[in-house]
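# Summary of structural features
Here is how the chains run, residue by residue.
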Amino acid sequence: MNLRNIREQFPILENGSIYFDSASTSLTPNIVIDKMVDYYKNYNANIGRGVYRFSEKASFEYEKAHNKVADFLKVYNNEVIFVKNSTEGLNIVASGLKFNKEDRIVNTLIDHHSNYITWLRLKDKLGLNITHIKPDSNGSFDLNNFEKSIDENTKIVSLTHISNVLGSITPVEEIIKIAHENNCLVLVDGAQSAPHIPLDLKKMDCDFFVCSGHKMLGPGGTGVLYIKKDLQKEIEPLLIGGGTVTDVSLNEYSLKEDYERFEAGTPNIEGFIGLGAAVDYLNSIGMRNIKKHEQKLISIVLEELMELPEIEIFGPEQIENRSSLICFNYKGVNPHKVAKIFDEQYNILMRSGHHCCYPLIKHVINKPEGTLRCSLYLYNTEEEIKIFINAAKKISKRLT
Ligand SMILES: Cc1ncc(COP(=O)(O)O)c(C=O)c1O
């Protein structure tokens, strides 16, 4: 990986800030910005609605982006639905599935609010039963708990692939096997995995998958929902309208068969064309290389922070079980206060707080004030890590 070339792709880095909040949203490379500007400057038109050149070009580029994302996730083109973020994808599945009174749902305590309250709402609305599986404090699950909780009445297991707080990696393949043996569906929330590790959804065999384009170098307002082809007819679309129908008569309508039934109205055309460019760029670097680079950096962060007795670290101690983020706290100090110091005095930008994971924060790691989070991506460097560790040591001295 040529880090100099990579960093040149990200104009925002020229301002000298150290950006450690990619788990929240990633920076945007020139290749994505240019692709969107090209749309506005040269062929700004709606898709699928005209036979004139601009519209045909926009439709072609949008369709190409669909293919690129499908290839990236190793699924078929007609299984990829463009949505505005992971949250929308989760809501489409939760609100579109048909439930019986006795159906049960399995969720976990590491799940992001978008993958937690979405199911709680169904519990309130339909009286469904939800089991929340609790991991240990490092995010590691006992698979026996899934064996015990999933039975013939379990309609869906919805769980997080990589925790946005603990950085822990959930053994989704094993859990999917248990679920499928019980004819139960599985939704994998890949908001934190798709940007960082190579994925093959057909091999994983999940039924639904969501991820956020804006966390994988794509523009804001872009996300992806994968629904296995055979299941698409079982999900009632959240929105219907222009673009979703094959025919409409006075009192009836028929919906299209594939992903288009879920993409109602004019989409974020330039955004998804930009997401296609982001996927090209990730592929050109190589997801394996990105993962290796991030693991090298995060292992330095982990080792160095573990040397500081004033700091407590959350998540797995073994680097192989961890993704590219680390949550930590200065013992007894409010994380927002420390995040401000990192920003104002060291130009290091980091998230602090509950990371949209109250159940985890309150019931797994028991830190109601939340944590600091250092999350990395392909553009971060060892030099930045050195600056961060020096700053962390100085802050340690000041606060204790
Ligand atoms: C694990 C996880 N799931 C879901 C989401 C929601 O993503 P979005 O805000 O893009 O919908 C996030 C965002 O941080 C996340 O980390």
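Just so it is clear, the model here is predicted, and its values are computed rather than measured.

### A word on a positive patch on the surface
On the surface, Lys74, Lys203, Arg288 and Lys291 cluster together into a patch of positive charge. Turning to its location among the elements, lysine 203 is positioned in helix H8 (residues 201-204). Judged by its relative accessible area of 71%, lysine 203 is exposed.

### Focus: the site of the ligand
All residues adjacent to the ligand are Asn85, Ser86, Thr87, His112, Ser114, Asn164, Asp189, Ala191, Gln192, Ser212, His214 and Lys215. Note that an oxygen atom of the ligand is positioned 2.5 Å from one of the side-chain N or O atoms of threonine 87. Between the ligand and lysine 215 there is a distance of 2.6 Å, counted from an oxygen atom to a side-chain nitrogen or oxygen. Tallied by class, the residues present in the shell around the ligand amount to 1 nonpolar, 9 polar and 2 charged.

### Some remarks on the domain arrangement of the chain
You can read the domains of the chain as domain 1 (3-20 + 286-399) and domain 2 (31-284). A separation of 28 Å is found between the C-alpha centroids of domain 1 and domain 2. Both faces combined, the contact of domain 1 with domain 2 buries some 2,800 Å², and carbon together with sulfur accounts for 65% of it. Contact with domain 2 buries surface across domain 1, with Met287, Val364 and Tyr377 losing the most and accounting together for 22% of the total.

### A short note on helix H10 (residues 287-306)
With 20 residues, H10 should cover 28 Å at 1.5 Å per step; its first-to-last C-alpha distance of 28 Å lies within 8% of that length. Looking at H10, one finds that the buried residues are Met287, Ile290, His293, Glu294, Leu297, Ile298, Val301, Leu302 and Leu305. One side of H10 carries all its buried residues, which in axial view fall inside an arc of 165 degrees. Residues of H10 that are exposed and point more than 90 degrees away from the buried face comprise Arg288, Lys292 and Glu303.

### A look at the sheet that holds strand E8 (residues 223-227)
Read from one edge of the open sheet, 7 strands run E2-E8-E7-E6-E5-E3-E4, paired in mixed fashion. In this open sheet, the two strands that pair with only one neighbour each are strand E2 (80-83) and strand E4 (129-133). The average angle at which neighbouring strand axes cross in this sheet is 15 degrees, direction not considered. Two strands pair when backbone bridges link them, and strand E5 (residues 154-160) and strand E6 (residues 185-189) are joined in this way by 5 bridges, in the parallel orientation. Within the sheet, the bridge partner assigned to valine 157 lies in E6 and is valine 186.

### Describing the pattern of salt bridges
Summed over all chains, the structure comprises 16 salt bridges. Of the charged contacts in the structure, one is a salt bridge between glutamate 79 and lysine 202, with a shortest N-O distance of 2.9 Å. Highlighted residues: glutamate 79 in the loop between helix H3 (53-73) and E2 and lysine 202 in helix H8, separated in sequence by 123 residues. A relative accessible area of 32% means that lysine 202 is categorised as partly exposed. When the shortest N-O distance is used, the salt bridge between glutamate 344 and lysine 340 registers 3.8 Å. Of this pair, glutamate 344 and lysine 340 are both found in helix H11 (residues 335-346), 4 residues apart, which corresponds to roughly one turn of the helix. Residue classification places glutamate 344 among the exposed residues on the basis of a relative accessible area of 58%.

### With respect to unusual backbone geometry
A positive phi angle, near 70 degrees, is found at aspartate 205, a position not held by glycine. A positive phi angle, close to 75 degrees, is found at leucine 217, a residue other than glycine. In this structure, leucine 217 sits in the loop between strand E7 (208-212) and E8.

### Some words on the packing of H10 against helix H13 (residues 382-399)
Between H10 and H13, the shortest axis-to-axis distance is 10 Å and the interhelical angle comes to 15 degrees. Here H10 lies roughly parallel to H13, going by the angle between them. For the pair H10 and H13, the sense of crossing is right-handed. Listed contacts from H13 to Lys296, Leu297, Ile300, Val301, Glu304 and Leu305 of H10 are Glu382, Ile385, Phe388, Ile389, Ala392 and Lys393.

### With respect to a nonpolar patch on the surface
On the surface, a nonpolar cluster with roughly 310 Å² of combined accessible area is contributed by Ile240, Val248 and Tyr253. By secondary structure assignment, the location of valine 248 is in strand E9 (residues 245-248).

Rules behind the numbers
- Residues numbered from 1 in each chain as written.
- Predicted model: local features only at pLDDT ≥ 70, side-chain atom pairs only at ≥ 80, totals over all residues.
- Heavy atoms only, no water.
- Patch = residues over 30% accessible without salt bridge, like charges linked within 9 Å, V, L, I, M, F, W, Y side chains within 5 Å.
- Areas by Shrake-Rupley, 256 points an atom, 1.4 Å probe, with all protein chains shown as cover.
- Salt bridge = Lys/Arg side-chain N within 4 Å of Asp/Glu carboxyl O.
- Lys, Arg positive; Asp, Glu negative; His and termini not counted.
- Charge placed at Lys NZ, Arg CZ, Asp CG, Glu CD.
- Helix = DSSP H or I, 4+ residues; strand = E, 2+ residues; numbered from the N terminus.
- Buried < 20%, exposed > 50% of the residue type's maximum accessible area, 1.4 Å probe, protein only.
- Near = heavy atom within 4 Å.
- Polar contact = N/O pair within 3.5 Å; in protein donor to acceptor, adjacent residues only side chain to side chain.
- Nonpolar A, V, L, I, M, F, W, Y, C, P; charged D, E, K, R; others polar.
- Domains from an automatic or database assignment.
- Buried area = accessible area lost by both parts, 1.4 Å probe.
- Expected span 1.5 Å × (residues − 1).
- Arc of directions from axis to C-beta.
- Pairing = 2+ DSSP bridges.
- Axes fitted to C-alpha atoms, helices over the stretch in contact; angles between N-to-C directions.
- Parallel < 35°, antiparallel > 145°, perpendicular 65-115°, else oblique.
- Left-handed = near helix turned anticlockwise from the far one by under 90°.
- Contact = heavy atoms within 4.5 Å.

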